[in-house]
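Tertiary structure, described
Each chain is listed here by its residues.
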Amino acid sequence: MALRWRISALVAAAACAVAAAVGVLVHEFSRNRELSQARESARVTLDRAAVTYTRTGEVQGSGAALDAPGLPGDLRDLVEQGRRGTEFTTGPAGPAMWAARPAGSRVLSVRVDLTTTMRDIGALDASIVVAGLITTAVVLPLGVLTAGRMSRRLRTAAGTARRIAAGDLDARIAAGPRPRDEIADISTAVDTMAGALQKRLLGEQRFTADVAHELRTPLMGLVTAAELLPEGEAAGYVRDRVRVLGTLVEELLEISRLDAGAEHADMSPCPVGPLVRDVVARSGPATTVVGADETADTDGDADGLADGDAGAATVRTDSRRFERILTNLVVNAHRHGRAPVVVTVSGDGRTVTVRDHGPGYPRTLLDDGPQRFRTGARERGTGHGLGLTIALGQAQVIGATLEFGDAPGGGALATLRLPAVPPPAGADPAGPAER
């Protein structure tokens with residue numbers, strides 16, 4: 001049940017409880033007061049009648065009676081013991097207050113009719129019930145409005161927190177200061193947290209960009225120096241390490257551009273089949289390519305897509321970024337998984353999956369997404385974790401979604417889904433979401 005209706009139900013229950021409590025208290029007070037007054041009136045009348053009976057031997061005109069036939073049995077037994085008393089009855093003749101005392105060998109009694117009094121108390125009870133219903137009817141809408149306003153403010157805060165968690169670090173609740181308002185305090189705390197998180201992430205992004213730019217100049221010197229080394233095993237090792245360092249610097253620069261939102265998609269019609277085959281051919285190790293309705297051939301050859309299947313599908317996307325995403329996924333599968341690596345293209349060409357048969361993605365990556373400089377699991381090999389981060393960022397630039405999961409039967413499975421209606425060329429990207 002939503003908070004709004006919980007608060008509304010609580011307000012309604014509280015209003016009904018208060019009305020019932022007040023009604024019971026008023027009813028008991030009014031009833032006891034009327035019975036007390038009737039009891040006192042009956043006693044006074046009885047005493048006057050006793051004086052008259054003692055003097056004249058008659059009770060006519062005194063409001064009392066001798067040996068009244070309707071006298072309650074308990075009260076008659078009390079009088080026979082030589083005592084006096086009163087009793088309230090609700091017999092067929094209606095509610096009444098009796099008072100009786102001994103009069104020689106006879107019983108002198110007084111009956112005060114309370115029919116009108118009890119009817120008035122019943123009317124008072126009905127009025128209390130009506131007043132309680134009216135009060136509930138007035139208070140309940142006010143409670144619903146107040147609860148709805150609180151619920152909307154809390155939903156706004158929760159929605160903003162979800163946007164921040166999804167990567168929109170500019171999202172703010174912007175609640176004004178309100179003394180002794182807990183919801184406003186929560187909103188201010190969320191905005192403060194978002195601002196601090198944004199400053200920290202922007203600082204990290206600037207540091208990454210600055211490091212990458214600063215490394216380019218000495219790297220160019222290293223490349224030149226490595227090329228001047230005489231041929232040999234040591235020179236080959238140095239050149240290989242320089243190439244690795246150059247790739248790392250270029251990836252850092254690419255991530256810094258994605259962070260800054262400087263990447264824009266250049267959309268155009270692209271045949272998926274030839275594009276996938278070209279990427280697989282240039283990726284190095286053997287990779288299998290199949291259509292959505294084909295069986296994967298795991299003989300280690302790069303199989304093409306037959307005419308009329310997914311290979312003939314054409315989608316509108318940025319081919320260069322599509323290649324970048326697919327290359328990173330295939331290289332990551334070979335580097336951290338195990339063969340065979342299978343690339344599957346759907347019939348409409350909008351879904352491409354890359355699967356390896358290794359230990360699968362680490363749980364931290366499945367829960368939190370790719371993170372730079374973190375591979376997440378020793379069994380998936382060493383690395384700096386930039387490949388999947390770049391793939392995710394480039395997918396967001398072209399308006400695609402990239403999901404990571406475990407393949408049925410074991411292995412890692414990456415699924416790239418291209419949008420049915422791609423964003424226009426030059427549209428501002430959302431930028432990669434760092435988690």
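Scroll up to find the structure.
An account of the accompanying structure is given in this report. (Residues numbered from 1 in each chain as written. Predicted model: local features only at pLDDT ≥ 70, side-chain atom pairs only at ≥ 80, totals over all residues. Heavy atoms only, no water.)

1. A look at empty space enclosed by the protein
Vacant regions in the atomic arrangement are exposed by a probe of water-molecule size rolled over the atoms. For the structure shown, the criterion picks out 2 cavities of 30 Å³ or more. As for the second largest cavity, its lining consists of L329, N332, A333, V354, R355, D356, Y361, A412 and A414. Elements supplying a minimum of two residues to the lining of the second largest cavity: α7 (319–336), β9 (351–355) and β11 (412–417). With 3 residues, the top contributor of residues to the lining of the second largest cavity is α7. Taken together, the residues that form the lining of the second largest cavity break down as 6 nonpolar, 1 polar and 2 charged. (1 Å grid on protein atoms, 1.4 Å probe; cavity = no way out; pocket = protein on both sides within 12 Å on 5 of 7 lines; lining within 4 Å. Points joined across faces, edges and corners; volume = space filled by probe spheres on them. Helix = DSSP H or I, 4+ residues; strand = E, 2+ residues; numbered from the N terminus. Nonpolar A, V, L, I, M, F, W, Y, C, P; charged D, E, K, R; others polar.)

2. Quick notes on the pairing of strand β7 (residues 314–317)
Only one face of β7 is buried, namely the one carrying V315 and T317, since none of T314 and R316 on the opposite face is buried. Sheet topology note: the strand β5 (residues 268–271)/β7 ladder contains 4 bridges and is antiparallel. Within β7, the position partnered with S268 by the bridge is T317. (Buried < 20%, exposed > 50% of the residue type's maximum accessible area, 1.4 Å probe, protein only. Pairing = 2+ DSSP bridges.)

3. Remarks on the packing of helix α1 (residues 3–56) against helix α3 (residues 115–165)
Axis separation between α1 and α3 bottoms out at 7 Å; the angle between their running directions is 160°. Comparing the axis directions of α1 and α3 gives the class roughly antiparallel. Seen from above, α1 lies across α3 with right-handed handedness. Its residues assigned to classes, the contact of α1 with α3 shows 19 nonpolar, 10 polar and 4 charged. (Axes fitted to C-alpha atoms, helices over the stretch in contact; angles between N-to-C directions. Parallel < 35°, antiparallel > 145°, perpendicular 65-115°, else oblique. Left-handed = near helix turned anticlockwise from the far one by under 90°.)

4. Structural notes on the sheet that holds β9
Strand order across the open sheet formed by 5 strands is β6-β8-β9-β11-β10, with mixed pairing between neighbours. Single-partner strands in this sheet number two, and they are β6 (288–291) and β10 (401–406). With strand direction ignored, the average angle separating the axes of adjacent strands in the sheet is 20°. Summarising the sheet, β10 and β11 pair through 6 bridges and their orientation is antiparallel. Counted as the bridge partner of G405 is L413 from β11. Sheet strands touched by α7: β8 (342–345), β9, β10 and β11. Its angle to β9, the strand with the most contacts, is close to 20°. (Contact = heavy atoms within 4.5 Å.)

5. Describing the nonpolar core
Across soluble globular proteins, nonpolar side chains show a tendency to be buried alongside one another. Counting 37 residues, the largest nonpolar core has V276, L326, L329 and V343 as its most contacted members. At the level of elements, α6 (272–282), α7, β8, β9, α9 (386–397), β10 and β11 are the ones that each hand at least two residues to this core. Here this core takes 6 residues from α7, the largest share from any one element. When neighbours within four sequence positions are excluded, V276 is seen to be in contact with V289, F322, L326, V343 and V345. A42, A64, V112 and L114 belong to the second-largest nonpolar core, a separate cluster that totals 16 residues. (Core = buried A, V, L, I, M, F, W, Y, C linked by side-chain atoms within 4.5 Å.)

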